[in-house]
Each structure stands twice: as C-alpha cells, then as structure tokens.
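This is what each chain is made of:
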Amino acid sequence: MKPIAKQVELANGLHLSYAEQGANSGTPIILLHGIADSWRIFEPLFAELPESVHAFALSQRGHGDSDRPATGYRTRDFVEDLRLFMDALRIQKAIIVGASSGGFAARSFAATHPERTAGLVLLGSPATLTGRPNPFAEQKDPINPGFVKSFAESVLSRAAPAEGLASMIAENLKAPAHVWVETGNGLFEEPFPGELAKIQAPTLIVWGEEDPIITKADQLALAEAIKGSKLIAHPGSGHMLYWEEPALIARDIIAYINNGKSMPEKN
C-alpha cells in the first residue's frame with residue numbers, strides 16, 4: 001500500500017499538497033512535518049501503517065509542493081491551515097501527529113480546537129526552543145545545499161541511505177529563504193508552556209534517548225505541561241526516529257489508537 005499524492009484548495013485560497021492512505025472507515029490521523037520538510041518525510045512511516053489507519057500527511061504552507069505565500073509562518077497560521085484542511089476534506093475529528101517542530105502546530109491545534117482533536121501524538125518534538133541560537137535566521141536565496149545537507153545530517157542518529165538522504169535534502173531545498181526564516185522565527189519564539197494546559201485529548205509523547213537536540217529534561221517538562229500525557233523513551237533512537245525507525249513508531253501509534261481509551265483521563 002502506497003500513499004496517494006493529492007492537492008487541496010483551502011477556503012483561504014492556499015493550495016496544499018498532501019498524501020492520503022488507508023480505508024475511509026479507518027481511524028483518521030493527520031501528520032505534520034517539521035521545518036523545511038514535506039509530507040514525503042512520512043513515506044517510510046506510511047509503509048508501516050495498516051489500512052485500518054486512514055492517514056493524511058500535508059506539506060504545510062511554504063513547504064514541499066504547497067503554495068509559498070510571502071507571509072504567514074507562525075504557529076497560528078499553520079494551525080488555521082490545518083483547520084481549513086480538515087474542513088475541505090470533511091474530517092470532523094482526527095488524531096493529530098506532530099513530528100519534530102511540527103509538534104508546535106499539533107499541540108496548539110489540540111489546545112485551541114479540542115472539538116476537532118481525537119488525540120495528540122508528538123514525535124521527537126521539543127517542549128521549547130526559546131533561548132537557543134536560531135540557525136535559520138540568516139538564510140538567503142538560493143538556499144545553500146551544503147547548509148541543508150549539514151542540517152539534515154545533524155538531526156540523524158545513524159548513517160542514512162544515500163537515496164533517502166538525497167530525497168530529504170531535495171524536499172528541504174524546495175522551501176525558499178523566507179520560509180526558513182519566518183518559520184524558524186516563529187518556532188524559536190514559541191511560548192512554553194503557553195496554552196498546553198488546555199489540551200484535553202489523550203496525548204502520547206515519543207522521544208529517542210539519543211536525540212542530539214532534545215534532552216530528557218525537556219521531554220519531562222513537556223509531559224508535565226500536558227496533564228495526563230504519556231511519555232515513551234526509546235533507547236538508542238534519535239531525533240528523526242519516525243523516519244529512521246518507522247516500524248517502531250508505527251507500533252507506538254497503533255498501540256495508542258488501540259489503547260487510547262485506557263490512557264489516564266485529563267486532570
């Protein structure tokens with residue numbers, strides 16, 4: 001089973017590229033990528049998901065083959081796009097999965113749209129980036145492929161297949177400088193804990209203990225801020241565990257779907 005690449009026009013006029021896979025009757029999940037990635041970062045994970053999971057992955061504005069408006073790259077903009085995406089595809093409620101910095105939009109959506117959020121899964125997503133140096137702030141067109149390659153390799157915990165790494169870099173290079181800069185500015189200014197106490201959906205936080213970006217203390221703080229959430233720490237896994245170890249993450253997501261009703265109630 002392979003995802004089908006599609007495009008949708010939102011009510012705000014933006015055209016977003018996305019992929020869809022699984023039975024229409026399956027559990028709907030929507031996957032959000034991190035900065036400069038696209039829906040294609042989830043291709044290995046799609047390959048591990050059963051037909052009973054109706055999975056959608058979108059390339060957010062400015063990324064992949066989606067439209068690249070001049071402005072609108074703060075978390076609130078990605079959150080509104082997600083709401084309009086769900087409206088356009090008539091998805092009333094879904095499990096929202098945020099990978100890496102895509103977790104900022106995922107958790108904000110869960111906090112502000114509880115009626116549309118069946119669950120929340122955060123994969124290698126930091127609690128906060130405030131106070132850290134922003135490596136994207138000075139990017140200019142054309143984006144330097146050397147910078148992109150170095151950035152991609154810095155978030156991996158093991159040697160990547162040459163074809164897979166080349167695909168990742170090619171997708172990253174589709175994002176122009178203003179997307180890197182404005183998206184990065186939004187991420188590094190994202191408040192914590194912000195509105196996380198408002199999250200009502202059962203929440204799963206998945207982290208790799210070899211993550212070079214995110215510390216255990218960061219993930220414990222995130223779990224503390226989202227009351228009733230569950231934290232899974234995978235020994236030997238890194239930041240891009242959803243790309244490097246898709247079978248492992250697919251098992252986590254399937255178990256979360258199957259056991260969601262037994263997760264602790266929100267306080």
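The preceding data block contains the structure.
Residues numbered from 1 in each chain as written. Predicted model: local features only at pLDDT ≥ 70, side-chain atom pairs only at ≥ 80, totals over all residues. Heavy atoms only, no water.

Colleague: So what's going on with the nonpolar core? Which residues, and what values?
Modeller: One finds I30, L31, F42, L82, F85, I96 and Y242 to be the most contacted residues of the largest nonpolar core, which totals 81 residues. The residues contacting L82, other than those within four sequence positions of it, are I30, L32, L58, I96 and F109. (Core = buried A, V, L, I, M, F, W, Y, C linked by side-chain atoms within 4.5 Å. Buried < 20%, exposed > 50% of the residue type's maximum accessible area, 1.4 Å probe, protein only. Contact = heavy atoms within 4.5 Å.)

Colleague: Just give me the short version of the pairing of strand β3 (residues 27-32), but keep the residues and values in it.
Modeller: Pairing of β3 with strand β4 (residues 53-58) involves six bridges; the strand directions are parallel. If you follow L32 over to β4, its bridge partner there is L58. Here four bridges tie β3 to strand β5 (residues 94-99), and the two strands are oriented parallel to one another. Across the sheet, the residue bridging to I29 is I95, located in β5. (Pairing = 2+ DSSP bridges. Helix = DSSP H or I, 4+ residues; strand = E, 2+ residues; numbered from the N terminus.)

Colleague: Any chance you could break down the packing of helix α4 (residues 145-154) against helix α5 (residues 162-172) for me, citing the residues and the numbers?
Modeller: As a packed pair, α4 and α5 sit with axes 10 Å apart at the nearest point and diverge in direction by 125°. By the angle between their axes, α4 is oblique relative to α5. Both α4 and α5 take part in a crossing whose hand is right-handed. On α5, the residues touching V148, K149, A152 and E153 of α4 are L165, M168, I169 and N172. Tallied by class, the residues present in the contact of α4 with α5 amount to five nonpolar, one polar and two charged. (Axes fitted to C-alpha atoms, helices over the stretch in contact; angles between N-to-C directions. Parallel < 35°, antiparallel > 145°, perpendicular 65-115°, else oblique. Left-handed = near helix turned anticlockwise from the far one by under 90°. Nonpolar A, V, L, I, M, F, W, Y, C, P; charged D, E, K, R; others polar.)

Colleague: Give me the lowdown on the sheet that holds strand β6 (residues 117-123), citing residues and values where you can.
Modeller: In spatial order, the strands read β1-β2-β4-β3-β5-β6-β7-β8; together these eight strands make up an open sheet with mixed pairing. Each edge of the sheet is formed by a strand with only one pairing partner; in this case those strands are β1 (4-9) and β8 (230-234). In this sheet, neighbouring strand axes are inclined to one another by 20° on average, regardless of whether the strands run parallel or antiparallel. Packed onto the sheet, helix α2 (residues 75-88) meets β1, β2 (15-21), β3, β4 and β5 and runs at close to 145° relative to β3.

Colleague: Talk me through the pattern of salt bridges; I want residue IDs and the actual numbers.
Modeller: Pairing between side chains of opposite charge can happen when the charged atoms of each approach one another. Overall, the coordinates contain 14 salt bridges when judged by the stated rule. One salt bridge connects R40 with E43, and the closest N-O pair in it is separated by 3.4 Å. The exposure class of R40 is partly exposed, given its relative accessible area of 30%. Ionic pairing is found between E153 and K149, a salt bridge with its closest N-O pair at 2.6 Å. Here E153 and its partner K149 are both found in helix α4, four residues apart, which amounts to about one turn of the helix. Here E153 falls in the partly exposed class, since its relative accessible area comes to 37%. Residue classification places K149 among the partly exposed positions, given a relative accessible area of 39%. By sharing partners, the salt bridges in this structure join E80, R83, D87 and R116 into a single network. (Salt bridge = Lys/Arg side-chain N within 4 Å of Asp/Glu carboxyl O.)

Any functional reading would require information that these geometric values do not contain.
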